[in-house]
Amino acid sequence: MDTGARVEGKQMPSRTRVEHGEVAVSNDPGDVLEARDLAACVAICMFDPIANVGGLAHVVLPSSTIQDGPTRPAVFADRAVPLLIEAMTEKGAQPTHLKVTMAGGAEFIGATADDPVGGLGRRTVDAIDGLLRARRIDVTQRSVGGLGSRCVELRLGEGRVVVDPE
Amino acid sequence: MWNFDSVRVGSSSTPSSVHAPLLACGAGEGSAGGAATGTDAALRAMLANSLQLPTIPHVAAALIRVTDQPRASASDVRDVISTDQALVTKLLRVVNSPMYGMRKRVTTLTHAVAMLGFEAVKNLALAASFSEVLGQSAEGYGLDPGRLWMHSIAAGCAARLAAERTGYAQPEEAFVAGVIHDVGKLAASVHIQSMYSEILAKAACGKRAFNAVEREVMGFDHAQAGEAVALSWNLPEPLSQSIRWHHEPGRAEHAVLAALVHLGDALAVALGYGLGIDGVSYTFHQSCLITLGMSGADPMRIAAIMPDAVERLAHITQG
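Calculation criteria
- Residues numbered from 1 in each chain as written.
- Chains lettered and ligands numbered in written order.
- Predicted model: local features only at pLDDT ≥ 70, side-chain atom pairs only at ≥ 80, totals over all residues.
- Heavy atoms only, no water.
- Helix = DSSP H or I, 4+ residues; strand = E, 2+ residues; numbered from the N terminus.
- Rg over C-alpha atoms; globule rule 2.2 N^0.38 Å.
- Buried < 20%, exposed > 50% of the residue type's maximum accessible area, 1.4 Å probe, protein only.
- Contact = heavy atoms within 4.5 Å.
- Areas by Shrake-Rupley, 256 points an atom, 1.4 Å probe, with all protein chains shown as cover.
- Lys, Arg positive; Asp, Glu negative; His and termini not counted.
- Charge placed at Lys NZ, Arg CZ, Asp CG, Glu CD.
- Core = buried A, V, L, I, M, F, W, Y, C linked by side-chain atoms within 4.5 Å.
- Pairing = 2+ DSSP bridges.
- Axes fitted to C-alpha atoms, helices over the stretch in contact; angles between N-to-C directions.
- pLDDT = per-residue confidence, 0-100.
- Parallel < 35°, antiparallel > 145°, perpendicular 65-115°, else oblique.
- Left-handed = near helix turned anticlockwise from the far one by under 90°.
- Nonpolar A, V, L, I, M, F, W, Y, C, P; charged D, E, K, R; others polar.
- Buried area = accessible area lost by both parts, 1.4 Å probe.
- Salt bridge = Lys/Arg side-chain N within 4 Å of Asp/Glu carboxyl O.
- Polar contact = N/O pair within 3.5 Å; in protein donor to acceptor, adjacent residues only side chain to side chain.

Summing up its helical and strand segments, chain A has two helices and 11 strands in all. Seen in sequence order, chain A has helices and strands lined up from the N terminus as β-β-β-β-β-β-β-α-β-α-β-β-β. The C-alpha radius of gyration computed for chain A amounts to 16 Å, which stays within 12% of the reference 15 Å derived for 166 residues, consistent with globular compactness. In terms of its C-alpha atoms, chain A occupies a principal-axis envelope of roughly 50 × 30 × 30 Å. Looking at chain A as a whole, 52% of its 166 residues are labelled buried. Taking contacts inside chain A between residues at least 6 apart in sequence as the whole, the part at least 24 apart equals 60%. When the accessible surface of chain A is split by element, carbon and sulfur atoms take 47% of a total near 7,400 Å². Each charge class in chain A can be summarised by its mean position, and for the 18 positive and 23 negative side chains these summaries are 3 Å apart.

Right under this line is the structure:
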């Protein structure tokens, strides 16, 4: 990851945009990991405050069972969750220390969960909840569902996740 | 973004970013060949008073003029596109992208026409030429420069992927229709600003889709505005129809094309490509899947491969 530029003696944060289906992990307190315009996609942010390791996955779909071709590694929730945890662990994080934030998963007007497009967000949120529960990992902060598209950033230096709008 | 200056044909003193006044809108007349247009004289007058129609890109105008001729040939289309070498270069980049899986590199327009056919190359050139106008901002809809173009290529890309999946005969027609579907936002952008707060307040209730709120507050929506643009540009009827009915695909005469555009648009919204103030305030009509013969899993299969496809296209269509 790039080192942030120095302006007036202060270290500017180095921003990494995590695009659809991507995962990013860092232990540099100068880093900010962000995902923008989530809409029905879901960002999973994990932070280990003891190891100072943070990670973000930009998840698009609930399950790889429908997959019929090559995709980015974290497009599907059931690939993204283990991938993010593994990458965090490789950087020194402990699964039992993780603070987890989930954001996004917006739904279309009047969409039910089985709506193939309008209900994608809800299905992806449900899938991630199930995958984390199976690993006994709690979600400590969540801003999901509804009609609004969100942006999220994980500020490693502060160990804080900012969701806009909350 | 594309270099807008580089995709113009001939010399013109009128920059394409200048909005032309709506002189003869004609929305709803002769566009649907019997299908409901949902417009009448009062609506036409309202559109004429409210819209600022963007000027058609010169290459697009020339392509439409040439292909309107009964004896139009592949060489006519090639001649029009060849007048702009920058456009040729970008078109060849798209043709050589993984989207087409060419075994050998396509290096000339003649080769591209031979490989893809006359209609496909015409539609690709049309889509490329539209980047000129769709790269502009539509401030009334909260779309900064480049944002509408990102939404447009995402919707076009998804519509094309859906067309391939369903065996639609002209996937590039679906691509160009997806690319141009929201052109009405450019035309209505200034008008909507005066009603911004009322529209936002009503849309925030979350009970109706944004285009329904537009109709209630403005008297028309961006799809109707888009049809007015399409007619003023003399776009082929399937394109003007798919623009008009991209939120209500079941009402279009060219129902399959409209369904492809609706699905492409919905997926672009769901994945957050180029969202404006309307956000995800959207109603997805599942009946479009029946029209397309798709299962409920097919939209997810398209969504799964969209990120790579859209990023490549966005990269290719840059400068």
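And the narrative resumes.
All names here are of chain A. Along the chain, Ile-66 falls in the loop between strand E7 (53-59) and helix H1 (77-90). According to the relative accessible area criterion, Ile-66 is buried, its value standing at 11%. In the structure, Ile-66 is positioned 42 residues away from Phe-108 in sequence and 22 Å away in space, judged by C-alpha atoms.

This next bit is on helix H13 (residues 237-244) of chain B. All names here are of chain B. With seven of eight residues buried, H13 lies mostly within the body of the structure. Residues of H13 that are buried: Pro-238, Leu-239, Ser-240, Gln-241, Ser-242, Ile-243 and Arg-244. Here the buried face of H13 lies against helix H6 (118-134), helix H8 (171-180), helix H12 (222-232) and helix H14 (255-270).

With that settled, the discussion passes to the environment of Thr-140 of chain A. Residue and element names in this part refer to chain A. Considering the arrangement of structural elements, one finds Thr-140 in strand E9 (residues 139-144). Thr-140 sits in the exposed class, given a relative accessible area of 51%. Sequence-wise, Thr-140 and Leu-98 are 42 residues apart; in three dimensions their C-alpha atoms are separated by 9.1 Å. Discounting residues that sit within four places of it in the chain, Thr-140 has contacts with Lys-99 and Val-100.

So, about the nonpolar core. Soluble globular proteins: nonpolar side chains tend toward being buried together. Ranked by internal contacts, the top residues of the largest apolar core, which has 133 residues, are Phe-108 and Val-152 of chain A together with Ile-81, Phe-130, Leu-134, Leu-263 and Met-306 of chain B. Top contributing element to this core by residue count: helix H7 (residues 147-166) of chain B, with 11 residues. Discounting residues that sit within four places of it in the chain, Leu-134 of chain B has contacts with Leu-148, Trp-149, Ser-152, Val-179, Ile-180, Val-183 and Leu-186 of chain B. The next biggest cluster of nonpolar side chains, apart from the first, holds 23 residues, and it includes Val-25, Val-42, Met-46 and Ala-80 of chain A.

Turning our attention to unusual backbone geometry. All names here are of chain A. The step from Asp-164 to Pro-165 runs through a cis peptide bond, and the omega angle for that step is -10°. With respect to the element layout, Pro-165 can be found in the segment after strand E11 (160-164). A positive phi angle, near 45°, is found at Asp-37, a position not held by glycine. Relative to the helices and strands, Asp-37 is located in the loop between strand E5 (31-35) and strand E6 (42-48). We note that Ala-39 has phi near 50°; this positive angle belongs to a residue other than glycine. Among the structural elements, Ala-39 can be located in the loop between E5 and E6.

Right, let's get into the sheet that holds E9 of chain A. Residue and element names in this part refer to chain A. Spatially, the five strands line up as an open sheet ordered E4-E7-E6-E8-E9, and their pairing is mixed. Single-partner strands in this sheet number two, and they are strand E4 (23-26) and E9. Geometrically, the sheet is characterised by an average inter-axis angle of 10° between neighbouring strands, direction not taken into account. Of the pairings in the sheet, the one linking E4 to E7 comprises four bridges and is antiparallel in character.

This part is about the confidence of the model for chain B. Residues and elements named next belong to chain B. Of the residues in chain B, 87% have a pLDDT of 70 or more, and the chain-wide mean is 85. Contacts from residues 1-36, a stretch scored under 50 in pLDDT, to residues over four places away or in other chains number 95 contacts. Both scores are available for the predicted complex, with the pTM at 0.88 and the ipTM at 0.93.

Let us look at the packing of H14 of chain B against helix H16 (residues 298-316) of chain B. All names here are of chain B. As a packed pair, H14 and H16 sit with axes 11 Å apart at the nearest point and diverge in direction by 55°. The orientation of H14 relative to H16 falls into the category oblique. By crossing handedness, the relation of H14 to H16 is classed as right-handed. Across from Leu-263, Leu-267 and Ala-268 in H14, the residues of H16 making contact are Pro-299, Ile-302, Ala-303 and Met-306. Grouping the amino acids of the contact of H14 with H16 by side-chain chemistry returns seven nonpolar, no polar and no charged.

Turning our eyes to something else, we now look at the interface of chain B and chain A. Taken together, the 33 residues of chain B in the interface contact 29 residues of chain A. Both sides of the chain B and chain A interface together cover about 2,400 Å² of buried area, and 65% of this is carbon and sulfur. Ionic pairing is found between Arg-72 of chain A and Glu-311 of chain B, a salt bridge with its closest N-O pair at 2.8 Å. Counting across the interface, chain B meets chain A through 10 residue pairs in polar contact (both at pLDDT 80 or more). Among the secondary structure elements, those contributing two or more residues to the side of chain B that touches chain A are H7, H14 and H16 of chain B. Take the side of chain B that touches chain A: its biggest share by element is nine residues, from H16 of chain B. Grouping the amino acids of the side of chain B that touches chain A by side-chain chemistry returns 20 nonpolar, six polar and seven charged.

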